[in-house]
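One-letter residues, chain by chain:
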Amino acid sequence: MLEVDIKKPLFGVNGLINLEANFSLKKGEFLALAGVSGSGKTTILRCLAGLEKSKGTIKVGGKIWQDERNFLPPQKRKIGFVFQDYALFENLTVEKNLLFANKNYALCDKLLELLDLGELKKRYPTNLSGGQKQRVALGRAMMREPEILLLDEPLSALDPNLRIKLQDEILKIHKEFGTTSIIVSHSPSEIYKLATHMIEIENGKIIKSGSPKELLLKTSGSQKFSFSATVVELKEVDNICIATISFGHQITQVIVSDARNLKVGDTVNVSTKAFNLLINS
Ligand SMILES: Nc1ncnc2c1ncn2[C@@H]1O[C@H](COP(=O)(O)OP(=O)(O)OP(=O)(O)O)[C@@H](O)[C@H]1O
């Protein structure tokens, strides 16, 4: 069980914001933190890891990691941290990057195999692709046998196909080791696939909390199909207004009956009641 109740003043781009994070997770749960840039997501992870001080309490499995009198330093917290930019030791081979955290050779071999890194174990990080580097970073984080695995936008630098593969690796590791995991992600599909719980942060405060299904599925009432998109162009052709909209990595066009209240950059909800949609692969 992870119990978090922390506060910290942050100097945001528009002045002071008070970060207030209060949530709990059962062992083995997977939490996604979402929210616009600068809302305080990374700071929450850094406070959990003990890399930053905050006011309040953090308890893991009944053990106090921090309260008004105690502050466990990062090396004493059973945390694995995976960063967006990998943060590998460039002068150490893949295998030594893992063993640096812990000289448990059996665990190292298990992780190299689970993450499909066996053939690459003697290579240096400079000779690896982004996806391979991130698998090494995940392996290194797990070498600490963490109770809590923290993932700060770990896949955002990778192309969409690789991203999906790495999501599978993360899920495999999370389940195999029964870790409690927290990921910062901007991708709804990633959150939906990985997380059991989701929290949305705005200006340092939790504004939404629930399952990814509750928070992300946009269908309501009699709608059968719905997604949210951004308007990238509005054009009139033969008195018909056509909106070009983007969602995820896709762009499509829809006819708009009344475009008076629409402008480029708006976030819109696109929905239909049709239930015989064609799905082709
Ligand atoms: N130790 C600190 N003390 C005060 N302010 C900080 C501290 N660390 C970060 N900040 C500020 O707090 C705000 C939130 O930063 P944070 O990195 O947590 O946001 P984020 O939601 O993770 O953003 P992004 O999605 O861009 O990574 C930023 O404006 C940042 O400059």
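Here's a quick rundown of the structure. (Residues numbered from 1 in each chain as written. Predicted model: local features only at pLDDT ≥ 70, side-chain atom pairs only at ≥ 80, totals over all residues. Heavy atoms only, no water.)

**Comments concerning the pairing of strand E11 (residues 225–237)**
Pairing of E11 with strand E14 (residues 267–272), which is carried by 6 bridges, proceeds in the antiparallel orientation. Bridging from a neighbouring strand, phenylalanine 225 pairs with threonine 272 of E14. Note: E11 against strand E12 (residues 240–247), 7 bridges, orientation antiparallel. Among the inter-strand pairings, glutamate 236 is bridged to a residue of E12, identified as cysteine 241. (Pairing = 2+ DSSP bridges. Helix = DSSP H or I, 4+ residues; strand = E, 2+ residues; numbered from the N terminus.)

**Thoughts on the packing of aromatic side chains**
Scanning the entire structure with this criterion turns up 2 aromatic pairs. Summarising the aromatic geometry, the rings of phenylalanine 81 and phenylalanine 83 are spaced 4.3 Å apart at their centres and angled 10 degrees between planes, so their arrangement reads as stacked. Each ring, one from phenylalanine 89 and one from phenylalanine 100, has its centre 4.5 Å from the other, and the planes form 55 degrees; the classification is tilted. Taken together, the residues phenylalanine 89 in the loop between strand E6 (79–82) and helix H2 (94–101) and phenylalanine 100 in helix H2 connect sequence positions 11 residues apart. Under the relative-accessibility criterion, phenylalanine 89 is labelled partly exposed at 30%. The exposed category is assigned to phenylalanine 100, whose relative accessible area is 53%. (Phe/Tyr/Trp six-rings, centres within 6.5 Å; stacked < 30°, edge-to-face > 60°. Buried < 20%, exposed > 50% of the residue type's maximum accessible area, 1.4 Å probe, protein only.)

**Quick look at the site of the ligand**
Taken together, 17 residues sit near the ligand, with Ser37, Gly38, Lys41, Thr42 and Thr43 positioned nearest. In the environment of the ligand, a nitrogen atom lies 3.0 Å from a nitrogen or oxygen atom belonging to the backbone of phenylalanine 11. Contact between the ligand and glycine 40: an oxygen atom at 2.9 Å from a main-chain N or O atom of the residue. Contact with the protein chains removes 69% of the 650 Å² of surface that the ligand exposes when unbound. Listing elements by their share of the shell around the ligand, those giving two or more residues are strand E1 (2–12) and helix H1 (41–49). Counting residues per element, the shell around the ligand draws most heavily on E1, which supplies 5 residues. Looking at the shell around the ligand, its residues break down into 5 nonpolar, 8 polar and 4 charged. (Near = heavy atom within 4 Å. Polar contact = N/O pair within 3.5 Å; in protein donor to acceptor, adjacent residues only side chain to side chain. Areas by Shrake-Rupley, 256 points an atom, 1.4 Å probe, with all protein chains shown as cover. Nonpolar A, V, L, I, M, F, W, Y, C, P; charged D, E, K, R; others polar.)

**A short note on the pairing of strand E5 (residues 63–66)**
Sheet analysis places strand E4 (residues 55–60) next to E5, joined by 3 bridges and oriented antiparallel. Paired with isoleucine 58 across the bridge in E5 is glutamine 66.

**Let's talk about helix H3 (residues 105–114)**
Among all positions of H3, only Leu107, Cys108, Leu111, Leu112 and Leu114 are buried. Across the axial projection of H3, the buried residues extend over an arc of 165 degrees, all falling on one side. Across H3 from its buried face, at more than 90 degrees, point the exposed residues Tyr105, Ala106 and Glu113. Between the side-chain oxygen of the N-cap and the backbone nitrogen of alanine 106 there are 3.3 Å, and the N-cap of H3 in question is asparagine 104. (Arc of directions from axis to C-beta.)

**A closer look at the packing of H2 against H3**
Put simply, H2 and H3 touch, their axes get as near as 10 Å, and they point 135 degrees apart. In terms of axis orientation, H2 runs oblique to H3. Crossing of H2 against H3: the hand is right-handed. Facing Val94, Glu95, Leu98 and Leu99 of H2, the residues of H3 in contact are Tyr105, Cys108, Leu111 and Leu112. A breakdown of the residues in the contact of H2 with H3 according to their chemical character gives 7 nonpolar, no polar and 1 charged. (Axes fitted to C-alpha atoms, helices over the stretch in contact; angles between N-to-C directions. Parallel < 35°, antiparallel > 145°, perpendicular 65-115°, else oblique. Left-handed = near helix turned anticlockwise from the far one by under 90°. Contact = heavy atoms within 4.5 Å.)

**Here we look at the side chain of threonine 179**
Along the chain, the position of threonine 179 falls in the loop between helix H5 (160–177) and strand E8 (180–184). Take threonine 179: its relative accessible area is 1%, and that puts it in the buried class.

**With respect to the sheet that holds E12**
Spatially, the 4 strands line up as an open sheet ordered E13-E12-E11-E14, and their pairing is antiparallel. With one partner strand each, in any of the chains shown, strand E13 (250–256) and E14 form the two edges of the open sheet. The average undirected angle you get between the axes of adjacent strands in this sheet is 50 degrees.

**Some points on the environment of leucine 114**
By the secondary structure assignment, leucine 114 is in helix H3. On the basis of relative accessibility, which here comes to 17%, the residue leucine 114 falls in the buried class. Leucine 114 sits 62 residues away from glutamate 176 along the chain, and the two C-alpha atoms are 9.5 Å apart. Apart from residues no more than four positions distant in its own chain, leucine 114 is found in contact with Glu169, Lys172, Ile173, Glu176 and Phe177.

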